[in-house]
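Report on the structure
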Amino acid sequence: MATSLAEIGQFLDNLGIKHRLDVEHKAIYIGFTTKRYRDSSGRNSLALRIQVLEDGEYLDVVAPQVYSYKDGPHKLAVFQTCLMACWKTKMLQYEYDEEDGEIRAVIEFPLEDAKLTQRQLERVVFAIPSIVEEFDAAFRAAIDRGEIAFPDVGGTASQLLDLVRLAEGLSPKDLADLIRRIREGGAGAAAGEGPDRL
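Rules behind the numbers
- Residues numbered from 1 in each chain as written.
- Predicted model: local features only at pLDDT ≥ 70, side-chain atom pairs only at ≥ 80, totals over all residues.
- Heavy atoms only, no water.
- Core = buried A, V, L, I, M, F, W, Y, C linked by side-chain atoms within 4.5 Å.
- Buried < 20%, exposed > 50% of the residue type's maximum accessible area, 1.4 Å probe, protein only.
- Helix = DSSP H or I, 4+ residues; strand = E, 2+ residues; numbered from the N terminus.
- Contact = heavy atoms within 4.5 Å.
- Salt bridge = Lys/Arg side-chain N within 4 Å of Asp/Glu carboxyl O.
- Polar contact = N/O pair within 3.5 Å; in protein donor to acceptor, adjacent residues only side chain to side chain.

Now for the nonpolar core. Ranked by internal contacts, the top residues of the largest apolar core, which has 46 residues, are I8, I50, L59, Y94, L121 and I128. The set of elements that each furnish at least two residues to this core consists of helix 1 (5–15), strand 2 (27–33), strand 3 (45–53), strand 4 (58–68), helix 2 (75–88), strand 6 (102–110) and helix 3 (118–145). Per element, the largest residue contribution to this core is 12 residues, and it comes from helix 3. For I128, the residues in contact, after removing those within four places along its chain, are L46, L48, V61, A63, L92, A105 and I107.

With that out of the way, let us pick up the pattern of salt bridges. This structure, assessed with the given rule, holds 6 salt bridges. For D136, the salt bridge goes to R140, with nearest N and O atoms at 3.2 Å. Here the residue D136 and the residue R140 both occupy positions in helix 3, the gap between them amounting to 4 residues, near one helical turn. With relative accessibility at 29%, the residue R140 sits in the partly exposed group. Salt-bridge contacts for E147 lead to R145; the nearest nitrogen and oxygen are separated by 3.2 Å. With a relative accessible area of 47%, R145 lands in the partly exposed category.

With that settled, consider the side chain of D136. Taking the relative accessible area as the measure of exposure, D136 reaches 7% and is therefore buried. A polar side-chain atom of D136 sits 2.6 Å from a polar atom in the side chain of Y67. For D136, the residues in contact, after removing those within four places along its chain, are R36, Y37 and Y67.

Structure, rendered in structure tokens:
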């Protein structure tokens, strides 16, 4: 088996990320506090659902119900925003459910016979909220006004990728120091951003 919910739970524990195991639905849930993005209840919150499919050989990480747009005059702008956001980012897809209008953010990939690493999971878990935050204003403009209004990409999402590239060359001690500085609000991250911590 390439991975399991137990292994993912252990990785999240190692990273200090609070999570909840839902045995019935075979999923792990994580809650993020967001700075700009607001969920359908108006809270600065984004939920992630992690599922292991195909006997552990496929990882599915979803932010369900990021937005909802069933019917209305701005559907074309909403769809164009979904496609443009996918084009401007790595890994992340926005998916649309025509049955109920749900727009979700998804990163999924096959593991097949490879082992999932803690570092891979960490990148996925942090990328989704970062990208949702980055493009929230564009989605709000499309949904509310039918406008295509993308921010100048070069902000949060690309900064995250730059940090990942930088971290690849660091020693474990230097990497730990960088993570500590980010958590304390330095090195480009605002205090309080990121997942809820243990």
